[in-house]
Amino acid sequence: LPFSSIPEIQGSLFCLVLLMYLSTLVGNILIIMITMIDAALHSPMYFFLKNLSFLEIGYTTSTIPKMLVNFLRKRKGISFLGCATQMYAFSLLGITECCLLAAMAYDRYVAICHPLRYTTMMSWNMCFLLSAVSWLTGVLVALEQTTFIFTLPYCGPNRINHFFCDLLPLLKLACVDTYKNEIITYIIAVLCVMVPFLLIVVSYVRILHTILKMPSAGGKRKTFSTCSSHLFVVTLFYGSGIVTYLRPKAFYSSSSNKLLSLSYTLMSPMMNPLIYSLRNKEVKQALKRLIAK
């Protein structure tokens, strides 16, 4: 089904979403280029940031181009295989991002709470290991979820009340009682979303404890500024994701679900490069050097 049922605003919505999608691509590609080219940014923190930008590009591309095509078509549809592929890609990249944000929080924890041991605790081998575990978790959990959903019997309604193939709208179309399936889906969501989130919370509790013990206000501000960008990104991504998937059924509506989904499928990936470039002096200096070259 279309994002909005009002035909008159389809053209305006298309232009707005296209502009946001192009901004997302340009911003994240620029972050990847800067972190690859500038030697001053060859550190674990920016290795994870580069991974995050790559994830954001794939994350938005798994849903937004199809949404843009449907804005222009009278008959809006997607094949069964295309729907399964879209859901797998979206789940894989979303779960991987949850894990990667936890890895980035751990990096900031080590940098602030154990600065003298940072180079040994966050070696390049450790960075690659954390990144690989994040991707492997995403691949395996998304495969299990997609197989689980698409082996259900679908024999009647084929109208998905969403702008992409998402878990909950698809479950509503199955021809069997999906109560047990919904419980399993929620358990997976709690494990894959809340466990990394709790690791992030624990990391930041330790970080704040260390910062508060610092004697000077200037030192506190300078130290907190090294992790403030990541904290903004976590709040933006997890805030909309948790409200979308873990809120009670009594508060669920298709219109609010679409708006919330748009916030974490497009708004969050678009804002990330802005947050990191505007709040990070090293990224701003690297960008100036790149423009000068």
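For the protein chain, the name recorded in an unreviewed UniProt entry is Olfactory receptor, with Eudyptula minor as its organism. Heading Sequence similarities (unreviewed entry) of the UniProt record for the protein chain holds this comment: "Belongs to the G-protein coupled receptor 1 family." The heading Subcellular location (unreviewed entry) in the UniProt record of the protein chain holds the text "Cell membrane".

**Considering the packing of helix α1 (residues 10-37) against helix α2 (residues 44-61)**
As a packed pair, α1 and α2 sit with axes 9 Å apart at the nearest point and diverge in direction by 155 degrees. Taken as axis vectors, α1 and α2 run roughly antiparallel relative to one another. For the crossing formed where α1 meets α2, the hand is left-handed. In this structure, α1 uses Tyr 21, Thr 24, Leu 25, Asn 28, Ile 29, Ile 31, Ile 32, Thr 35 and Met 36 to contact α2, whose residues at the interface are Tyr 46, Leu 49, Lys 50, Ser 53, Phe 54, Glu 56, Ile 57, Thr 60 and Thr 61. Of the residues that constitute the contact of α1 with α2, the class distribution is ten nonpolar, six polar and two charged.

**Remarks on the environment of Ala 189**
Mapped onto the elements of the fold, Ala 189 is located in helix α8 (residues 179-212). Between the alpha carbons of Ala 189 and Ile 95 there is a distance of 9.0 Å; along the sequence they are 94 residues apart.

**Observations regarding the side chain of Ser 203**
Within the secondary structure layout, Ser 203 lies in helix α8. A relative accessible area of 9% means that Ser 203 is categorised as buried. Not counting chain neighbours up to four residues away, the residues in contact with Ser 203 comprise Ala 105, Tyr 106 and Tyr 109.

**Here's the deal with the layout of surface pockets**
In this structure, the largest pocket spans a volume of roughly 740 Å³. Around the largest pocket, the lining is made up of 29 residues, and of these Lys 76, Gly 77, Ile 78, Asn 158 and Ile 160 lie nearest the centre. Secondary structure elements with two or more residues in the lining of the largest pocket: α3 (64-72) and α4 (80-113). Of all the elements, α3 adds the most residues to the lining of the largest pocket, at four residues. Counted by class, the lining of the largest pocket contains 17 nonpolar, seven polar and five charged residues.

**Regarding a nonpolar patch on the surface**
On the surface, a nonpolar cluster with roughly 580 Å² of combined accessible area is contributed by Tyr 179, Ile 183, Ile 187, Leu 191, Val 195 and Leu 199. Structurally, the position occupied by Tyr 179 is in helix α8.

What counts, and where the lines are drawn
- Residues numbered from 1 in each chain as written.
- Predicted model: local features only at pLDDT ≥ 70, side-chain atom pairs only at ≥ 80, totals over all residues.
- Heavy atoms only, no water.
- UniProt positions renumbered as here; feature names shortened; annotations may be inferred.
- Axes fitted to C-alpha atoms, helices over the stretch in contact; angles between N-to-C directions.
- Helix = DSSP H or I, 4+ residues; strand = E, 2+ residues; numbered from the N terminus.
- Parallel < 35°, antiparallel > 145°, perpendicular 65-115°, else oblique.
- Left-handed = near helix turned anticlockwise from the far one by under 90°.
- Contact = heavy atoms within 4.5 Å.
- Nonpolar A, V, L, I, M, F, W, Y, C, P; charged D, E, K, R; others polar.
- Buried < 20%, exposed > 50% of the residue type's maximum accessible area, 1.4 Å probe, protein only.
- 1 Å grid on protein atoms, 1.4 Å probe; cavity = no way out; pocket = protein on both sides within 12 Å on 5 of 7 lines; lining within 4 Å.
- Points joined across faces, edges and corners; volume = space filled by probe spheres on them.
- Patch = residues over 30% accessible without salt bridge, like charges linked within 9 Å, V, L, I, M, F, W, Y side chains within 5 Å.
- Areas by Shrake-Rupley, 256 points an atom, 1.4 Å probe, with all protein chains shown as cover.
- Salt bridge = Lys/Arg side-chain N within 4 Å of Asp/Glu carboxyl O.

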